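Descriptive analysis of the structure
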Amino acid sequence: MGSAAALSLARRGRSVALIEQFEPGHARGASHGAIRIFRLSYPDTDYVRLAERALPAWRRLEDEAGEQLLVTTGGIDSGPIALECARALEEAGVRSEWLPASDAAERFPSIDFDGFERVLYQPDGGVALADRTVAAQVRLARERGAEVRSGAAVRVVRGDGGHIVVGAGDTEFAAGVVVMTPGPWAGRLLTAVLDRLVPVLPTLQMVAHFAPADAAAVAAMPTFVEWVGPNLVHYAVPPVGVAPGVKMGDHDPGPEIDPDDGPFEVDAARLEPVASYAARRLPGVVPNVIAPETCLYSLTPDEDFILDRAGDVVVGAGFSGHGFKFVPLIGEILADLASGVDPGLPGRRFSLDRTALRVG
């Protein structure tokens with residue numbers, strides 16, 4: 001999100017410094033790895049409309065970068081909440097169709113649709129190439145004049161003579177506005193900077209890849225989401241030629257961790273249910289875990305994002321494990337907020353002052 005905001009501001013001719021405490025592509029957040037899911041389908045019209053806005057932003061980014069960053073595969077939603085997805089898509093005027101399970105099985109043999117009468121298909125779903133996207137945004141921001149500073153942890157943000165001063169490593173930057181996208185450090189850093197408790201919980205998530213058993217079937221695979229219930233979602237993402245295999249995981253918050261101290265190791269026991277699910281639901285893969293990964297969620301209490309401005313500080317945080325699909329759009333939104341432009345968000349849903357973020 002930080003590189004997206006830096007690029008969006010640099011496009012507008014603003015003087016920009018992009019500061020990262022590690023190196024671009026590091027594994028201590030939620031943006032690393034080969035692939036992420038992209039979908040317009042949500043059981044919530046606000047997010048459907050945001051995803052609609054994100055799609056042309058992705059295509060603009062691809063045009064600027066001169067490379068493909070979003071691969072369209074189509075997307076399947078299954079389970080009881082798929083009905084809510086269909087209603088939200090219809091309300092937003094986005095195309096989708098119900099497929100009888102038998103038709104879906106014939107069309108997509110890499111997925112076992114046993115237990116479903118029908119599933120929801122949305123043709124614009126696909127796969128975002130995560131590592132390549134971050135690298136492209138950093139490169140393009142630099143080409144447009146942004147200063148990129150890595151290996152420099154932010155140590156202080158303070159007001160000084162009408163400016164915000166950011167200390168990064170042994171350098172201080174003075175600016176009229178600071179855009180903060182601190183990932184799993186959001187709760188800690190924002191609480192200190194804004195002098196109020198901002199409840200963003202860092203959790204450790206596990207994902208795995210599975211090698212194709214049927215290469216042709218997996219090559220034609222859409223993204224797949226099974227909505228088991230409001231607190232558990234299984235998902236599978238095809239490799240689209242860049243990942244080591246089909247990526248699978250659960251959108252189910254893991255244990256809270258300290259983003260500085262971890263632990264960050266893969267827990268094989270936590271991946272056993274994912275492998276069992278792969279064996280049951282994905283006949284197109286070999287159900288043995290390969291290339292396991294961790295990522296850090298930054299969870300808000302309601303799993304809505306924080307996109308807001310408090311004085312001279314713009315906040316992009318709390319993306320709760322479902323933000324990457326919006327990356328180019330979030331960059332534009334944060335640049336709007338930094339520039340005093342209305343970003344067109346739905347009411348106060350993503351504000352710092354919403355009820356879900358009030359503590360005490």
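Each value, and the rule that gives it
- Residues numbered from 1 in each chain as written.
- Predicted model: local features only at pLDDT ≥ 70, side-chain atom pairs only at ≥ 80, totals over all residues.
- Heavy atoms only, no water.
- Helix = DSSP H or I, 4+ residues; strand = E, 2+ residues; numbered from the N terminus.
- Rg over C-alpha atoms; globule rule 2.2 N^0.38 Å.
- Buried < 20%, exposed > 50% of the residue type's maximum accessible area, 1.4 Å probe, protein only.
- Contact = heavy atoms within 4.5 Å.
- Areas by Shrake-Rupley, 256 points an atom, 1.4 Å probe, with all protein chains shown as cover.
- Lys, Arg positive; Asp, Glu negative; His and termini not counted.
- Charge placed at Lys NZ, Arg CZ, Asp CG, Glu CD.
- Expected span 1.5 Å × (residues − 1).
- Arc of directions from axis to C-beta.
- Polar contact = N/O pair within 3.5 Å; in protein donor to acceptor, adjacent residues only side chain to side chain.
- Phe/Tyr/Trp six-rings, centres within 6.5 Å; stacked < 30°, edge-to-face > 60°.
- Lys NZ or Arg CZ within 6 Å of the ring centre and 35° of its normal.

**Some words on the overall build of the protein chain**
- Scanning the protein chain from N- to C-terminus turns up 9 helices and 19 strands.
- By the compact-globule yardstick of 21 Å for 360 residues, the protein chain fits well, its C-alpha radius of gyration being 20 Å.
- For the protein chain, the spread of C-alpha atoms along the principal axes amounts to about 65 × 50 × 40 Å.
- Every one of the 360 residues in the protein chain was classed for burial, and the buried ones make up 53%.
- Across the protein chain, the fraction of contacts at a sequence separation of at least 24, relative to all contacts at a separation of at least 6, is 73%.
- By element, 50% of the accessible surface of the protein chain is carried by carbon and sulfur atoms, the whole surface being about 14900 Å².
- Averaging the locations of the 33 positively and 48 negatively charged side chains of the protein chain gives two centres separated by 5 Å.

**Things to note about helix α8 (residues 268-281)**
- The end-to-end C-alpha distance of α8 is 20 Å, a good match for the 20 Å that 14 residues give at a rise of 1.5 Å each.
- Within the sequence span of α8, burial applies to Leu 271, Val 274, Ala 275, Tyr 277, Ala 278 and Arg 281. One face of α8 carries all of its buried residues, which in axial projection span an arc of 160 degrees. Exposed and oriented more than 90 degrees from the buried face of α8 are Glu 272, Pro 273 and Ala 279.
- Of the surrounding secondary structure, the elements contacted by the buried residues of α8 are β13 (201-212), β14 (223-229), β15 (232-237), β16 (246-251) and β17 (285-299).
- Capping the start of α8, Asp 267 holds a side-chain oxygen 3.1 Å from the backbone nitrogen of Ala 269, two or three residues further along.

**Considering the packing of aromatic side chains**
- Per the stated rule, a full pass over the model turns up 12 aromatic pairs.
- Relative to Phe 326, the ring of Tyr 42 lies with its centre 6.0 Å away and its plane at 40 degrees, an arrangement referred to as tilted. One end of the pair, Tyr 42, is in the loop between β2 (35-38) and α2 (45-65); the other, Phe 326, is in the loop between β19 (313-317) and α9 (327-339), and 284 residues separate them in sequence. No difference in accessibility class separates Tyr 42 from Phe 326, as the two residues are buried.
- The structure contains a cluster of three or more aromatic residues connected by ring pairs, namely Tyr 42, Tyr 47, Phe 305, Phe 319, Phe 326 and Phe 350.
- Across from the ring centre of Tyr 121, 4.6 Å away, lies the NZ or CZ of Arg 107, which sits over that ring.

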